[in-house]
Structure formats: structure tokens, C-alpha cells
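Each chain, letter by letter, is given below.
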Amino acid sequence: MAMDRNQASLSQPDAEWRMATLLTAPSAAIGRGVFRWVRNLGAGSIFLLLALAMIFRPKQFHKIAQQIYYIGASSSLVILLVGLFTGMVLSLQSYHALVKFGAEGSLGTLVALSLIRELGPVLTAIMITARAGSAMTAEIGVQRISEQIDALGTMRIHPLKYLVSPRITASIISFPLLTGFFDLIGILGGYITGVMILGVNSGIYFHRVQASVELKDITDGFIKAIVFAVIVSTICCYQGYFAHMRTDSHGAKAVGRATTSAVVLSCVLILVADYMVTSLLI
Amino acid sequence: MDTPLIEFKDVTKRFGSRTVLERVNLQIYEGQVTTIIGLSGAGKSVLLKHIIGLVTPDEGTIFFRGKPLTEMKKSEMTANLAQMSYMFQDNALFDSMTVYENIALPLRETTNLGEAEIDRRVVARIEQTELVEASHKYPSELSGGMQKRAALARALVTDPQIVLFDEPTTGQDPVRKNAILSMIAEYQRKFGFTAILVSHEIPDVCFISNRILALYDRTVVFQGTPEELENFDHPFHHEIIHSLEGLREELTGLHSRRQFEVLYRNQLKQRALDDTYCVVVFTLETLDDIIAAFGHEAGQKAIQTMGAFIDKHFGAIGGFSTRLHINEFVAMLSDCDLAEAEAIMEDFTRDFQDHGIQDIWNGASKQTDSEQCVDFTVLGGLAQGWPNTEIGAVIDLARSQQKEV
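Residues numbered from 1 in each chain as written. Chains lettered and ligands numbered in written order. Predicted model: local features only at pLDDT ≥ 70, side-chain atom pairs only at ≥ 80, totals over all residues.

Draft legend 1. Structural view of the sheet that holds strand E4 (residues 59-64) of chain B. Residues and elements named next belong to chain B. Spatially, four strands are ordered E2-E1-E4-E5 in an open sheet, and the strand pairing comes out antiparallel. In this open sheet, the two strands that pair with only one neighbour each are strand E2 (18-28) and strand E5 (67-68). Strand direction decides the pairing type here: strand E1 (residues 6-15) and E2, joined by seven bridges, are antiparallel. Bridging across to E2, Phe15 finds its partner in Arg18. Here helix H1 (residues 44-51) sits on the sheet in contact with E1, E2 and E4, set at roughly 60° to E2. (Pairing = 2+ DSSP bridges. Helix = DSSP H or I, 4+ residues; strand = E, 2+ residues; numbered from the N terminus. Contact = placed C-beta atoms within 7 Å. Axes fitted to C-alpha atoms, helices over the stretch in contact; angles between N-to-C directions.)

If you want it as C-alpha cells, here you go:
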């Protein structure tokens, strides 16, 4: 009996401690998550700054050109298809809404402004994330786990200079160019649906496009594209570069998870950044 | 002795709660081949990565030419690293680049050499490492041995002063393994760099090493010459060396030196004091010429053939043999006097001239298209011993009696 009482008296604080842990567990998890997020944000910023500082080092031109070809030129077909159908469907939906108010003549304005201000930069960034961003993470991640990045270090080749800096630079150059391409193709897609299929006057369509689009709309779209380029390339390179530091997996699995994280995080941050940049520019 | 090139003082490294290196003290001297031996997972690669700065110690100090790394400026560190080259255990070749591009990479990225000069140097290394046909292939299209040689070529293309080799012979067959070690030894002699190897290929690495460091139970328990390691009385010697060495040498098929000693002692126990035995010492005198003419693999084939012929002639009549040095063999004939031994040696010489040289030529010509000839000299020496004579003295005597056979 005496022993039972002892056990009961010992287990009392233990039970209280367990209850307290249970109650504070969610806030502790949130706290850990916030700390991890802040730490990654800081590390990512330093990673970006170091990579940007190495853009103008010698022997970078060829590597940047190679990356522009891969991120930019090779993505043209995907951008063409997405841009064309985005413009076509936008035109189709808008026409049926505008026709109710007898304002189908404004179709060109609606298609052009929607594409140049919002859809062009956002959809281009998301498509490049899916096509080139995921490849960046996987490629750098594999190089990390197979010690190729360590090998660069032993050869006195700075891995950030060799692997990351050209990719970020090429993204900063390619994103606005592809955004411009997307906008043009999208307006053309709108023309195909609006003018060639639904019978809007061709002259009015192009007149509205020309009259409504200002230089500020185009520059704002390009600013967004550059911001997205920095976000996507930094996140994708960072996730691959530190794939070996993941605590949830190792080896090839870590590269797979890093790629998934890079794509999801990039897409979410593109939309968040879109709102923030729009708020600043508007 | 001179100031060590690299010195560890009480270096400790932990990964989480696991201590990999504990109070490691070691010295590595300039211009030598130093080999770090130990079992797999003993922390040899971690130790090597400390030297090149890929890993930093949790405790202790690493000195480079007498100066602690922690007190060096960044520019000094960079200059030190510029003298080093590292060959990774898993090669770490860039799989999206061809062999040629992999080897050219450090020259293209870290020097201002013109493309013609880069091409000259890369092609020279490709030829030296016998990779001409593979130069435009990707690493995934190569065998493990070829990948190893590509990594070796990349490590040497910048003419470094210090080269670190992490398990350079893993996954190779005996001939290739010894060819790579022989290549490292040759380049080390030719270019005078300091070679630091991590390996558990005993006894093969002992033939090319000036110094051996033994890593056991998280610390360095031995530093010295390969000869000193033979007499090292420590659990490391009994547990590790014996388990790594095996009973027979992989390349030649002859007994390991330890096994040779065991057999010799067993024979002695059964002998009366006036019983005699004979020792024959053979030296493949022109090994360097064979390597120069036909390559390292041909050289190793020659050693392998020598070993096979010695075993065939001396093993068949109850003798036993081992390899003393890279090109030196010793055979012991018990219950044998000098006249009998000379008759056996004459038999060996005839058979070797008739068939052995042809076998060596076949092995060499498989490795190269070269039609050139090379002088081929084998020395042999005989000496007689008694159970109360030191085997070392008998071997020395046989060596001093060597003549062309």
C-alpha cells in the first residue's frame, strides 16, 4: 500500500507535466516552424546575395548563355502553348460576359491588360518553375549527394559561382523575355477566339489593345517577372544545394523531396509576391 | 626531422553524438607517399577531408607547414588549397560531362590557359591514364576502373604539390589495383608531389608507401615505415593487418609476407640444427622499362606472371614464396642443398625463357598497340641457410649473389 502511495505521489507531477506538454505542443510546433522559416529565409537571402556577387566574376558569360538557352529558349514552346490557350480561353469567357453589356468592343482591352499586368508574369513564372526550376533543384541536388559539389570545392571552383550564379542570372534575363513572349502570344490567342471565331471587329480589337496598354503596364509586368525570377531561381537552387541537409530524408529521396518543396514553395511565393508587388506598383 | 607538411594535434571530430576521430595526432612529411590504413568506417576519409578543409575539427589543431589553419588568412588558405588536389572515393566525376570535359574542368575554371594548352595537357593525362578511347564518353558509359582513372587524371591535371587519394583502388581487379598504385608511385617520383592515400589494400599499398599511419579505435595508433609496421606489437596489428592482408597476395597468388613467416617458423620447428634450406631471391630488374614502354597494367601483368612461374616451380616441390618489394620475390626451399636449388633454378630459368617471357609479352601487348621492344632482365640469387640462421641474413646473402638469369 505504501509503495502504491509513493507511486501515486511520483506520478502526479509526471501527469501534470504531460498535460502541460500536450497543451503547449501546438504552440511549440508553431514556434519551431517559425524559427525554421526565419532561419531558412536568412540563409536563402545570404545564398542569393553571394550568388549575385559572383555574377561578374570571370568565365561566367558562357555558363550564363548556356542557362539562358536552357531556361529561356527551351521553354519557348511550353510558353507558346500556355500563352495561346490562356489568351483564347480568356477571350472566350470575357466575350460572353461583355456581350451582355454590349461592350464586346472592349475585348482587346480586357485581354491585353489581364495578360500584361497579371496572367503573363504569373503563368510564365509558374510554367518555368515546373519546367526549369524543378530541373535546377534535381540537378544540383544530385550533384550534392554524389559529392560533385565537394569536388568543385577541392578544385578551387566556388560552387555558388559555378552552379548557382549563372542560373539566377539567366533566370533574371529569361523571365521578362518569356513574359513578353507570353503576352504577345496571349493577345494573339485572344484575337483568334474573339475575332476569327466570335466575330469581333479586327480593327477594334487591336485599336483597344493599343489604346489601353500603357508603358507602365509593360514595365510593371517586367518588374514582376524579375521578382519572380529571383524567387524561383533562388528557391530551386537553394533546395538542391542543401538537399543533403534535409532531416526528413536522405540520398535520392532527399533530392525528390527537395524538388517537390522547391516547386510548391516557388508557386506559393509567386502568388504572394504578385500581390505584394502589385500593391506597391498600383 | 623537418617541419611536417601537415600535422594534427589532438584533433577530435564528432557527428552528432558519434565520435569519429578522437585526439588524433599525426605528421605528414613533404615529398613522401603516406598511407592511412584502417578498416572501413574507421574515419579515414573524414581524416582526409580535414586536410583539404571539407571538414573542420571540433577540437584540436591542424598545422600546415607549422602554421595552424585557424590562424591563416583567407588568402593563405586559398593558396594552400591551390597546391592540393583530391581524388574522391566515389570519383565525383560530373556525369553530364565527358571524360575530356571532366579532366579539362579545373584548368578551364581556375587558370587563364588558352584552349590549345588546355587541350595539350588534358590529352597528355588521358594518354598517361590509358583513356584515349573513352575520352568522349560520359562517366556512366565507363567501367568502374575507367572512372577511377578519369578521376585520377582530373586530380593530376593541375600538377598539384599535394594529392589526396581517398581509396583510389576500390572496386578494381588485382592487376588494375596495382597498376593504379604503381601509377601513383610513378607520378609521385616524376613530379615530386606529396601523396596522401587512404586505403585498406594491404600489402599492396606498403610497396609504394614511405610512411604508414594506422587508424584504429578512432585514433592514430601507429606512424612509421612499412617495415616498422611489421614489428608493431599492438591489437591493431593482430586484428586489422591480419584480417586485411589475407593468406595470399591477390596479384601474384604467392603467400603474404606474414604467411611466409608463419610457414618458415613451422618449418624451423621440424628441423634438426644441421638441416639446410635454400633461399632464392628474384628481381624483375626492368620493371620501370616495361611500364615506360607498355604502361602500368603491363608492368603489373609482368609481376603477376613472375609470381605465377615462381609458384609453379618452387611451390610444386614444397617450397613457399612471397613478394618482398614491388619487383622482388623470395622463395624458400626446405630440405634442399645448393646443388639441388641450382638445378631447380635452372629449370625455372629455362621455362621462364621459353614461356614466361611470352606470357609477359602477351599481357603487355594486350594493353598496348605498341610494337616496340624492351630489354627484359631478371636477376636471381641463391643462398643456403640453417635453422639457427636469421632468415633476413640469408635473404640478404641471396640478394648479394644475384646475377642475370
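Back to the text.
Draft legend 2. Expanded view of the nonpolar core. Core analysis: the largest hydrophobic core is formed by 165 residues, its most contacted members being Phe228 of chain A together with Ile103, Leu164, Cys278, Val279, Val280 and Leu333 of chain B. Each of domain 1 (6-245) and domain 2 (257-404) of chain B gives at least three residues to this core. For Cys278 of chain B, the residues in contact, after removing those within four places along its chain, are Leu333, Cys336, Leu338, Ala341, Leu382, Ala383 and Gln384 of chain B. (Core = buried A, V, L, I, M, F, W, Y, C linked by C-beta atoms within 7 Å. Buried ≥ 20, exposed ≤ 12 C-beta atoms within 10 Å, placed from the backbone. Domains from an automatic or database assignment.)

Draft legend 3. The arrangement of the sheet that holds strand E7 (residues 162-166) of chain B in detail. Residues and elements named next belong to chain B. Strands sit in the order E6-E7-E8-E3-E9-E10 across an open sheet of six strands; the sheet is mixed. Both outer strands of the open sheet, strand E6 (84-87) and strand E10 (219-224), are each paired with one neighbouring strand and no more. Adjacent strand axes in the sheet meet at a mean angle of 15°, parallel and antiparallel pairs treated alike. When strand E9 (residues 211-216) meets E10, the two strands line up antiparallel, connected through five bridges.

Draft legend 4. Inspection of the domain arrangement of chain B at higher detail. All names here are of chain B. According to the domain assignment, chain B contains domain 1 (6-245) and domain 2 (257-404). Placing a centre on the C-alpha atoms of domain 1 and another on those of domain 2 gives a separation of 32 Å. In this assembly, twelve residues from domain 1 lie in contact with twelve residues from domain 2. At seven residues, the largest contribution of residues to the side of domain 1 that touches domain 2 is made by helix H6 (residues 174-191). Counted by class, the side of domain 1 that touches domain 2 contains five nonpolar, three polar and four charged residues. (Nonpolar A, V, L, I, M, F, W, Y, C, P; charged D, E, K, R; others polar.)

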